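# Analysis of the macromolecular model
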Amino acid sequence: MNDPFGDARLSNTGDGPGEIRLWPVVLLILAIFGLFVGRLFQLQILEGEALLGRSRINSVRQVQLEAQRGAIVDREGRTIAASRPAYGVGVVPNDVRNPWRTYSVLGAILERDPRELASAVGQPRDRTRFQPVSLSKDLGLEARAKVAAHRYALPGVELQQKPLREYVFGPLAAQMLGTIGEIAAGELEQPRFEGYRSGEIVGKTGIEASEEGHLRGRAGGVNMVVDVAGREIEELDRVEPTPGGRLVLALDLDLQQAAEDAFVVEDPAQPDLERRMGALVALDPRNGDVLAMVSSPAFDPNAFAGGVDHETWRSLNQDEWRPLRNRAIAGVYPPGSTYKAIVAAAGLAEGVIDSTTIVPCYGSFRLGRRTYRCWKRGGHGPVDLERAIAGSCDVYFYELGNKLGVEKLAHYARLFGLGHATGVALRGEVDGLVPTPEWKLRVRGERWVDGETISLSIGQGANLTTPIQLAVAYATIANGGRVIVPRIVLRRETWDGRVVEEIAPEFRAENVISPAILQLVTNGLRRVVMEADGTGRRARVPGIEVAGKSGTTQVVSLDLVENLEPEEIPLRYRDHALFAAFAPVESPEIVVVAVGEHAGGGGGAIAAPMVQKVLARYFEKKEQQVPTQVATIAMAEPVDRTRARATTRVVGASGGTATRGFDAGALP
Amino acid sequence: MNGLRVERTSLQHFDWVLAGLVVVLAVMGLVNLVSAAASGVEGGSDIVGRQTTAMALAAFVIAVVVLIDYRHYDRFAYVLYGGTIGLLLLTLAVAEETRGARAWLFSGRFQPSEVAKIGMILALARWFGRNPPASIRRLRDLFVPGVIVAIPVALIIAQKDLGVAVLTLLIGLTLLPLVNVPLRAWLGIAALGAAGLVVLWTYGLKPYQQERILGFLDPSRDPLASGYQQTQSKIAVGSGGLFGTGWQEGTQTQLRFLPTQHTDFAFSVLAEEWGFVGSVAVLAVYAALLFWGLLIARNSKDGFGAVLAIGLVGMLLWPATINVAMVLGLAPVIGVPLPLFSYGGSALLSTAIAIGLLLNVSMRRYVF
């Protein structure tokens, strides 16, 4: 047996596949590899382009770089609202390795329940598992440092930087500044939000909304190569965001602060009442500058900056006293006796009275079978126009209103800007109401009754004005007959301070009434404040001539509350207290209107001191500022140096007439 | 034993073509692995070094297998077969469950099912060497080879290593075209196969494996599990285009959108970075290797050598087929590496034995 393999031999000697059939296997291999080559051809040649596109989508992610929202500053350049970089912490669900540890460490840092954090992140299965879920949008310095320190031990946890809106003074001028929030689904479809993406932050109310286009800026973006976990590998290209523009308001922070303070109640009889409700508007009658605007109760707009939580939103939105509403432009109140100035002007313009016309007041006025009482039971005796205004004699104005008739009253009310929105650049302004027989028939389906005209003459009845309307009307008296459009924004600038647009003062109408007539009315208004027993004496500012008029308006008919002690009257039934004033009388620079909503007292007692605080601050500041005018101008325009220098030269050349220099700055 | 004289003669007939094809494939695989590893996949640059070491070891294994006259393997075929079956049983008894399967020994370093395939091929070659396939005309004559295939397949199914079980079965089936059974017998086999599939689906497959197959048939079922892998693989292959994105330039690879790109999806990396040209080139080398194996079978002096060579060709063909089909989205995701090309030491060992056996049969074609 020299051949151990002999029995294993095939009879076949290996020439050809005669005994071993190889062709099926050959065919099989050819078929398989042919199929593969065909498939490769299909994927790489025929569908190559499309699949290459998909690989790009896979690996290139567009990340939006949010633009910093523009700053809002007061007329002197002091920041009221700004955006700052805020650090948040987020979790990428896909990258979390040890959930229990991750959430308990994060819980300790954020001082929140780890289970709550875990359920906030969840365990998404689709692509969103690569997207970070934000757990906190604004970490404190300490928390930020802690997160940074733990980052490498906690895969999936990342710090996120985003601009966060900050309102430096919290609730100050809250309704005027307005709120921001994520764009609503419905808003995305509106033409004014063209080019916005869902999730973007937009102005919702107030200046934030009306100046959205200027404040928004332009978002930038990064094309980033990311790996399968969404981690950044390399940046392909980057377009830096352009920060939103700076907005210079007509507002004066000092006056605003004084106005806010005027709402603080220090009444030992009402210890639970900390702040009065109502509104206050301060205007410059020469150009319409809104120097201060308060609506109370207020809220802190910072609550909206990082996305308002449901609870806060609900409590603000459902609050009986509507803190979100800007009462200065959307609160309507009967003007009460403040309206008498307009009735007086109407009487003089129509020739129904002159300054010497005397009306005897015996405490009541009879029309037909009804008697209308003067607020002063004993009567004022014989009064002329000045004394009628100074003493707020109802009988004089009953008589005058009756002679003028409702149509004339309405006509002059409209001339002074009542009954329609002032056109202030804030959303949500209302028209108020100047009642006429036509209006009554249309809305109520009833005929006008003459007695209503009598009520109208003293600002009661269906008359409704907003505080800003009343301020515009008094500004018209103060500036000699020009109906201003209140100016909120002085200037739009780029984020780095280059002037984009100056907003010129705007007037709705000029010479609506002769200055001589307004002078006569002003004389009466002056006595309201300046006379020893004037109802507005509490609005006096030392050294300054102030003109003004108080108003007290009933909210419900007297018999509902007549037999109650003042503090027993439910808040909602208490009177509104109004006061409107301007100063200095000889050349008015400021108009202030204050409304104490349901203040439960007279305008002279409650609203006049509020106005006084603002006036006092204004003149106190003016006095302080005289020597430092030049510096103020330079501060107000920090970038446009040439201009600032030019203005300075003018001031210097004209022999230190600082006021002129200031005017030149404010009215370019 | 035959003397060294025989060996010396044989060495003069060393099959340089087969060796060359193997080296070309392995080098291509290594170059590809460097790119896949560069993406920072788990294990990092380490895996290139490990693969090189494994290849050196594989060369040594090939040399050892080549030096022993294959007729000794014939003589001990059943013993070797029995040994590998024993290993499978041992694995079943002692192995811990890893990745859902109980298929590994020596803490995951050695997979007995890999050598079991070779044991099975040896046993089949011995049986068919004595019962020439052409002479088999009745299905019942295939009882013994059927049992030879069934035992390891059953044991591997018991290990819950579905992929390898299917592979082993396919390798066994590669020999079927050689036999001369009539058409109705084929139908019988098909019916049996179908029944087997139903049984396998019901009892053999774990839910996630069923999911994978359903996910393949309907990718929208779960686009993020196995469907996701396959979609990413297709994107990678397609974005290669005609000439590819360039070595280490494929975004799907470098940004790790490709799953297990150094092992199961190594061919995707190749297709992305080398394009249609590169992929067809590698497939061509592969096809050449397989056809060369069939040529070795034809030129073999004995039945054992011929059937052995065909079985070994099957052992290379089927994993390659399943792997490439999976990469190209033609088959469900089954974790089978591409022989000689993918990273992986354990699979390389059995592939080396197979190459060694092929070289062995080839160089002894003139021996007797």
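Keep in mind it's a predicted model, so treat the numbers as computed, not measured.

## Quick look at the overall build of chain A
Helices and strands together make up the secondary structure of chain A, namely 26 helices and 23 strands. The 668 residues of chain A split such that 43% are buried. Within chain A, residue pairs in contact and separated by at least 24 positions form 72% of the contacts whose partners lie at least 6 positions apart.

## Concerning the overall build of chain B
Helix and strand content of chain B: 15 helices and zero strands. Considering chain B as a whole, with its 368 residues, one finds that 53% of them fall into the buried category.

## Digging into the sheet that holds strand S12 (residues 290–296) of chain A
Residues and elements named next belong to chain A. What the five strands build is an open sheet, ordered S12-S11-S23-S22-S21; its pairing is antiparallel. Taken across any chain shown, the strands that pair with only one partner, and hence form the sheet edges, are S12 and strand S21 (547–553). Adjacent strand axes in the sheet meet at a mean angle of 5° when their direction is disregarded. Two elements, strand S22 (residues 576–583) and strand S23 (residues 590–597), share seven bridges in a ladder whose sense is antiparallel. What sits directly across from Ala577, in S23, is Gly596. Taken strand by strand, helix H10 (residues 253–261) contacts strand S11 (277–283) and S12, and its axis lies near 30° from that of S12. Relative to S23, helix H20 (residues 467–478) is tilted by about 150°, and along the sheet it contacts S11, S22 and S23.

## Overview of the environment of Ala288 of chain B
Secondary-structure assignment places Ala288 of chain B in helix H13 (residues 266–299). Along the chain, Ala288 of chain B and Leu18 of chain B lie 270 residues apart, while their C-alpha atoms are 8.9 Å from each other.

## Looking at the packing of helix H6 (residues 112–130) of chain B against helix H14 (residues 303–327) of chain B
All names here are of chain B. One can describe the packing of H6 onto H14 by two numbers: an axis separation of 8 Å at closest approach and a directional angle of 145°. Between H6 and H14 the crossing geometry is right-handed. Across from Lys117, Ile121, Leu122, Leu124, Ala125, Arg126, Phe128 and Gly129 in H6, the residues of H14 making contact are Gly303, Phe304, Val307, Leu308, Gly311, Leu312 and Met315. Here the residues of the contact of H6 with H14 sort into ten nonpolar, three polar and two charged.

## Some points on the nonpolar core
Residue and element names in this part refer to chain A. Counting residues in each nonpolar core, the largest one holds 130 residues, and the members touching the most others are Leu280, Ala282, Ala581 and Val614. The residues that make up this core include at least three from each of domain 1 (63–249) and domain 2 (277–298 + 324–625). Those residues within four positions of Leu280 in sequence are excluded, and the remaining contacts are Ala259, Ala262, Ala292, Val294, Pro467, Val592, Val593, Ala594, Met610 and Val614.

## What about the packing of H6 of chain B against helix H8 (residues 162–173) of chain B?
All names here are of chain B. Two elements in contact, H6 and H8, have axes whose closest approach is 10 Å; the angle formed by their N-to-C orientations is 15°. Taken as axis vectors, H6 and H8 run roughly parallel relative to one another. For the pair H6 and H8, the crossing hand works out as right-handed. From H6, Ser113, Lys117, Met120, Ile121 and Leu124 reach across to H8, where they touch Val164, Thr168, Ile171 and Gly172. Partitioning the contact of H6 with H8 into residue classes produces five nonpolar, three polar and one charged.

## Comments concerning the pairing of strand S10 (residues 246–249) of chain A
Residues and elements named next belong to chain A. Residues Arg246 and Val248 line one face of S10 and the alternating positions Leu247 and Leu249 line the opposite face, and both faces are buried. Relative to S10, strand S2 (residues 72–73) runs parallel, the two sharing two bridges. Within the sheet, the bridge partner assigned to Val73 lies in S10 and is Val248. Relative to strand S18 (residues 489–493), S10 runs antiparallel, the two being bridged by four bridges. When the sheet's bridge partners are listed, Arg246 is paired in S18 with Glu493.

## Side note on the confidence of the model for chain B
When pLDDT is averaged across chain B, the result is 82; 85% of the residues are at 70 or more. This complex was scored by the predictor with a pTM of 0.62 and an ipTM of 0.88.

## A few points about unusual backbone geometry
Residues and elements named next belong to chain A. For the peptide bond that leads from Ser296 to Pro297, omega is 5°, which places it in the cis range. As for its placement among the helices and strands, Pro297 is situated in the loop between S12 and helix H11 (302–305). Following Ala583, the chain continues to Pro584 via a peptide bond in cis, the omega torsion being -15°. Among the secondary structure elements, Pro584 is positioned in the loop between S22 and S23. Unusually for a residue other than glycine, Ala173 sits at a positive phi of about 55°. In this structure, Ser392 is a non-glycine residue whose phi angle is positive, near 55°. By the C-beta count within 10 Å, which is 29 here, Ser392 ends up buried.

## Quick word on the pairing of S22 of chain A
All names here are of chain A. In terms of residue burial, S22 counts as a mostly covered element, since eight of its eight residues are buried. Because side chains alternate across S22, one face comprises the buried residues His576, Leu578, Ala580 and Phe582, and the other comprises Ala577, Phe579, Ala581 and Ala583, equally buried. When S21 meets S22, the two strands line up antiparallel, connected through seven bridges. Looking across to S22, one finds that Ala547 is bridged to Phe582. Where S22 folds back on S23, the antiparallel hairpin that results is connected by six residues.

## Here's the deal with the environment of Ile334 of chain B
Residues and elements named next belong to chain B. The topology assignment puts Ile334 in the loop between H14 and helix H15 (345–363). The spatial distance from the C-alpha of Ile334 to the C-alpha of Asn323 is 7.7 Å, given a sequence separation of eleven residues. With sequence-adjacent residues up to four places away left out, Ile334 is seen in contact with Gly163, Ile322 and Met326.

## Re the confidence of the model for chain A
Residue and element names in this part refer to chain A. Of the residues in chain A, 85% reach a pLDDT of 70 or more, and the chain-wide mean stands at 83. Throughout residues 1–18 the model reports pLDDT below 50, and contacts reaching past four residues in sequence, or to other chains, amount to 24 contacts. Within the model, pLDDT remains below 50 along residues 628–668, and this stretch shows 42 contacts once partners closer than five positions in the same chain are excluded.

Definitions and cut-offs
Residues numbered from 1 in each chain as written. Chains lettered and ligands numbered in written order. Predicted model: local features only at pLDDT ≥ 70, side-chain atom pairs only at ≥ 80, totals over all residues. Helix = DSSP H or I, 4+ residues; strand = E, 2+ residues; numbered from the N terminus. Buried ≥ 20, exposed ≤ 12 C-beta atoms within 10 Å, placed from the backbone. Contact = placed C-beta atoms within 7 Å. Pairing = 2+ DSSP bridges. Axes fitted to C-alpha atoms, helices over the stretch in contact; angles between N-to-C directions. Left-handed = near helix turned anticlockwise from the far one by under 90°. Nonpolar A, V, L, I, M, F, W, Y, C, P; charged D, E, K, R; others polar. Core = buried A, V, L, I, M, F, W, Y, C linked by C-beta atoms within 7 Å. Domains from an automatic or database assignment. Parallel < 35°, antiparallel > 145°, perpendicular 65-115°, else oblique. pLDDT = per-residue confidence, 0-100.

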